[in-house]
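Close look at the chain arrangement
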Amino acid sequence: PRQEKGTPRQEKGTPRQEKGTFAGCFVMSSYLHDDSLLYKNSEDQEVRSYRASVPLFMTHGKVDSLIPAGWGEATASKLGNLGYKASFKSFSRDDHEIGDEALEEVLKFIFARFST
């Protein structure tokens, strides 16, 4: 079939979403500072439209020596309280790294977003 110019081609297994939308977001060993614009702009109409529709998956090593896991967990909790689809998973043996278990969970999250 012929494709219109500028229209992205849909491959089997990719999410069918409108331009400008996200299937999801993941972050590893991260957090948001209390002064984050994401918190401050939580009532902005554009931000509100993404809050409940874009899943956010956060992972963190419990023994992270660079960024305390509690900061990441607090971020996920605060975002959840603001209506975001945030989830958090920590890994007992991981420092500030991508461990096998964390990578497996992130891949599950990604594949779940791109399954047909």
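Above this text you will find the structure in question.
Quick summary incoming for the structure in this document. (Residues numbered from 1 in each chain as written. Predicted model: local features only at pLDDT ≥ 70, side-chain atom pairs only at ≥ 80, totals over all residues. Heavy atoms only, no water.)

1. A closer look at the environment of Glu97
The cut-off we apply is this: In DSSP terms, a helix is any run of H or I states spanning at least four residues, a strand is any run of E spanning at least two, and both are numbered starting from the N terminus. Three labels apply to residues, based on accessible area from a 1.4 Å probe with only protein chains included: buried if under 20% of the type maximum, exposed if over 50%, partly exposed otherwise in between.
Within the secondary structure layout, Glu97 lies in the loop between strand 3 (85-91) and helix 4 (100-113). Its relative accessible area of 42% is what places Glu97 among the partly exposed residues. For the pair Glu97 and Leu66, spaced 31 residues apart in sequence, the C-alpha separation works out to 9.9 Å.

2. Remarks on the layout of surface pockets
The cut-off we apply is this: Whether a set of points on the 1 Å grid over the protein atoms alone is a cavity depends on a 1.4 Å probe fitting there but being unable to get out, while an open set qualifies as a pocket with protein on both sides within 12 Å along at least five of seven lines; lining residues are those with an atom within 4 Å of a point. Grid points are joined across faces, edges and corners, and a volume is the space filled by probe spheres set on the points. All amino acids are sorted into three groups, where Ala, Val, Leu, Ile, Met, Phe, Trp, Tyr, Cys and Pro are nonpolar, Asp, Glu, Lys and Arg are charged, and the leftover types, Gly among them, are polar.
Space inside the largest pocket adds up to approximately 330 Å³. Together, 16 residues line the largest pocket, and Cys25, Leu38, Leu56, Leu79 and Tyr84 are the ones closest to its centre. Listed by contribution, the elements that provide at least two residues to the lining of the largest pocket are strand 1 (25-28), helix 2 (45-51), strand 2 (55-61) and helix 3 (69-81). The biggest single contributor to the lining of the largest pocket is strand 2, with three residues. Taken together, the residues of the lining of the largest pocket break down into 14 nonpolar, two polar and no charged.

3. Quick look at the pattern of salt bridges
Definition in use: A pairing counts as a salt bridge when a side-chain nitrogen of Lys or Arg comes within 4 Å of a carboxyl oxygen of Asp or Glu.
Summed over all chains, the structure comprises five salt bridges. Glu105 is paired through a salt bridge with Lys89; the nearest N and O atoms lie 3.7 Å apart. Here the residue Glu105 occupies a position in helix 4, and Lys89 occupies one in strand 3, the gap between them amounting to 16 residues. We note a salt bridge from Lys108 to Glu104, for which the minimum N-O separation is 3.8 Å. Linking Lys108 with Glu104, this pair stays in helix 4, spanning four residues, or about one helical turn.

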